[in-house]
Structure formats: C-alpha cells, structure tokens
Amino acid sequence: MVFLRYDQPVSIVLSLATIFSILLCGCTLVLFACHYDTPVVKSAGGKMSLLILCFLGLSSISIFFFIGRPSPTSCNLGIPTFLVFYTATMSCLTVRAFQIVSVFKMAARLPRAYEFWVKHGGQWVIVSICTITQVFLSILWMSISGPQPFQMKPNREIVLLCTVGNYYFLYAMFTLVGLLSVLCFSFSYMGTDLPKNYNEGKAVTFCLLIFFISWTLFLTLFYVLEPKYISTIIQFSIFFSVFGVLLGYFGPKCYIIIFKPERNTATYFQAAIQTYTLQTR
C-alpha cells in the first residue's frame, strides 16, 4: 500500500512548513491589528487585510487533507478547502487593487459611480459573491460527482489516490480563481504610476507569478510523474500559493512597520500623494 504517510520526511517537512505559514499569518495579523490605525495598514486594506490573513491561514489547512490514507472526507475537503479560501483571498486583493485605482483615477471622473460603490459597500459585495460562488461550485462538485479514494496498481505497488471527480466543476472552480488573478493583475498594472506607497504592482505581480508557476508546474508534472507523487505536488503548489501572498503582499508592509516606522506616518503618505498630484497636472 503506497500513500503519503505522516512519518515520511516529505510529510514532516510539509507539515512543519504549513504550521510555519499559519503561525506567520497569525503573527502578521497581530502586527497589523496592533498598528491598525497607521497608514501602511490602511493602505493595505484595513479590515480587508486582516480578513486576507485569516483566509490565507485557512487555505493552508487544506495541505493536511493530502497527508495520510485517503478517505472520502479527506478527498472531498482537500481541493475545495483551498479553493474557497484562496478565492476569497484573491477576490480581496482584486477589489483592493480596483479601489486604489478608483481613488486616484476614477473618483474625479465618475464621482457618482464611486460614491455608489462606497455607499453600498461594493468591495464586500464582490468578495461575498465570489466566495459564495466558489462554495456553490464546490458543493455541486462534491454532491454530483466528488473525488473518492481509488486504488491503482502500477507495477507491484498498490497506490491509494483520490479520483478527480467531475472535471467540469473542477475546471470551473480553478477558472474562477484564474479570472480573479487576471483581474487583480490588470488593476495592479493600471496603478503602476501611482504613488509608491499605493503602487502594489510589483507585490501583486510577485504573488501571481508564484501562483501561476506553481500550478502550471503541477499540471505539467501531473501527466509526467508517477501517481504516488501527485499528492505531494498538490501540497507544494498550495504552500507556494499561500506563501507567495504572505511574502509578496504583506512582506514589504511588515518591513516598513517594524524597521521603517518613519515611513509609516500620515505626513509621509501625504507628501507622496502631493508629489503624485503635481506630476499628473
């Protein structure tokens, strides 16, 4: 019987890495909460940045479902747990990138549309719709034709795996995350000329680059490697997707809060905005 056991070196490394990422999310959450009223935290999204950190921590938990003997529960909860919470994360990043562009470029041109967006909580509506859609697709996938434990017998081994289930719903779930990542990148690119404190193009590009590389690598190795390595590749893809957001989006902000407090002041941010205003005139 071949499956990813808890006492294997790869499982131990992945478990420790997952615990580390969850602790890192928690530490960053505490740091942002302690500096909640500072410009850096507000520019990162305020309440939404705290929500993103919670979603990232919950996304990491999905890695544990791929360790151990496959069961109906672990097979059904592995991919959906990651996709639901990572979709929520990506929708928050997309909305945040859109808001920054709106404040600097669209609020003056379309004041009524911007006022309507702010008044009716447009950011929370979009995040809720994307997350609920992913939850709905996950439930349909699991109820109609979800993944189940499966035995393969290549050579002299009996490899225990999870089936893919209904391909169409699985593709739809990944497509939703993919569309959000493309929108997030587009809005971030539109804001490449914004003040440095609000220019998150590089950070978001780094996050999305890791996301695309990790899952492209997974799809490639899925058809190349032996079936017994699939669970390990999925776990690494999930870990790098989560860690990419932590390092790329929150890393620079944590650095400023801890090591460059003089840049985390209202005066510093206002000077950057004034410089941008003068340049655009």
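Each remark here, short or long, concerns the structure printed above.
Quick notes on the rules
Residues numbered from 1 in each chain as written. Predicted model: local features only at pLDDT ≥ 70, side-chain atom pairs only at ≥ 80, totals over all residues. Heavy atoms only, no water. Helix = DSSP H or I, 4+ residues; strand = E, 2+ residues; numbered from the N terminus. Buried < 20%, exposed > 50% of the residue type's maximum accessible area, 1.4 Å probe, protein only. Contact = heavy atoms within 4.5 Å. Axes fitted to C-alpha atoms, helices over the stretch in contact; angles between N-to-C directions. Parallel < 35°, antiparallel > 145°, perpendicular 65-115°, else oblique. Left-handed = near helix turned anticlockwise from the far one by under 90°. Nonpolar A, V, L, I, M, F, W, Y, C, P; charged D, E, K, R; others polar. Core = buried A, V, L, I, M, F, W, Y, C linked by side-chain atoms within 4.5 Å. Polar contact = N/O pair within 3.5 Å; in protein donor to acceptor, adjacent residues only side chain to side chain. 1 Å grid on protein atoms, 1.4 Å probe; cavity = no way out; pocket = protein on both sides within 12 Å on 5 of 7 lines; lining within 4 Å. Points joined across faces, edges and corners; volume = space filled by probe spheres on them.

Remarks on the environment of Trp124
At step 1: Along the chain, Trp124 falls in helix H6 (residues 122–145).
At step 2: Classification of Trp124 by relative accessible area gives partly exposed; the value is 34%.
At step 3: In the structure, Trp124 is positioned 33 residues away from Ser91 in sequence and 9.6 Å away in space, judged by C-alpha atoms.
At step 4: In contact with Trp124, not counting residues within four places along its chain, are Lys47, Met48 and Leu51.

Focus: the packing of helix H1 (residues 9–34) against helix H3 (residues 47–61)
At step 1: Orientation of H1 relative to H3, taken along the N-to-C sense of each, is 170°, at an axis distance of 9 Å. Considering their axes alone, H1 and H3 lie roughly antiparallel with respect to each other. Along this stretch, H1 crosses H3, giving a crossing that reads as left-handed. Along the contact surface, H1 presents Thr18, Ser21, Ile22, Cys25, Thr28, Leu29, Phe32 and Ala33, while H3 presents Ser49, Leu50, Leu53, Cys54, Leu56, Gly57, Ser60 and Ile61.
At step 2: Considered class by class, the residues forming the contact of H1 with H3 number 10 nonpolar, 6 polar and no charged.

Let's talk about the nonpolar core
At step 1: Membership of the largest hydrophobic core comes to 54 residues, with the highest contact counts inside it found for Phe32, Leu56, Tyr86, Val245 and Phe250.
At step 2: Of all elements in the fold, only H1, helix H2 (39–43), H3, helix H4 (72–106), H6, helix H7 (167–190), helix H8 (201–222) and helix H9 (230–259) reach the threshold of two or more residues within this core.
At step 3: Per-element accounting of this core gives the leading share, 13 residues, to H9.

Quick word on the side chain of Gln134
At step 1: The topology assignment puts Gln134 in helix H6.
At step 2: Here Gln134 falls in the buried class, since its relative accessible area comes to 0%.
At step 3: One polar contact links Gln134 to Thr87, side chain to side chain, over a distance of 2.7 Å.
At step 4: Those residues in contact with Gln134 that lie beyond four places of it in its chain are Leu83, Val84, Thr87, Met173, Leu176 and Val177.

Quick notes on the side chain of Ser59
At step 1: By secondary structure assignment, the location of Ser59 is in helix H3.
At step 2: Sequence-distant contacts of Ser59, defined by excluding residues within four places in its chain, comprise Phe82, Phe85, Tyr86, Ile238 and Val242.

Some thoughts on the environment of Leu83
At step 1: As for its placement among the helices and strands, Leu83 is situated in helix H4.
At step 2: Sequence separation between Leu83 and Val177 is 94 residues, and the spatial gap between their C-alpha atoms is 7.5 Å.
At step 3: Among residues more than four places away in sequence, those in contact with Leu83 are Gln134, Met173, Phe174 and Val177.

Quick look at the layout of surface pockets
At step 1: Space inside the largest pocket adds up to approximately 950 Å³.
At step 2: Residue lining of the largest pocket: 39 residues in total, with Val164, Leu170, Phe218, Phe222 and Ile234 positioned closest to the centre.
At step 3: For the lining of the largest pocket, the secondary-structure elements that each account for two or more residues are H4, strand E1 (149–152), strand E2 (159–162), H7, H8 and H9.
At step 4: Taken together, the residues that form the lining of the largest pocket break down as 31 nonpolar, 7 polar and 1 charged.

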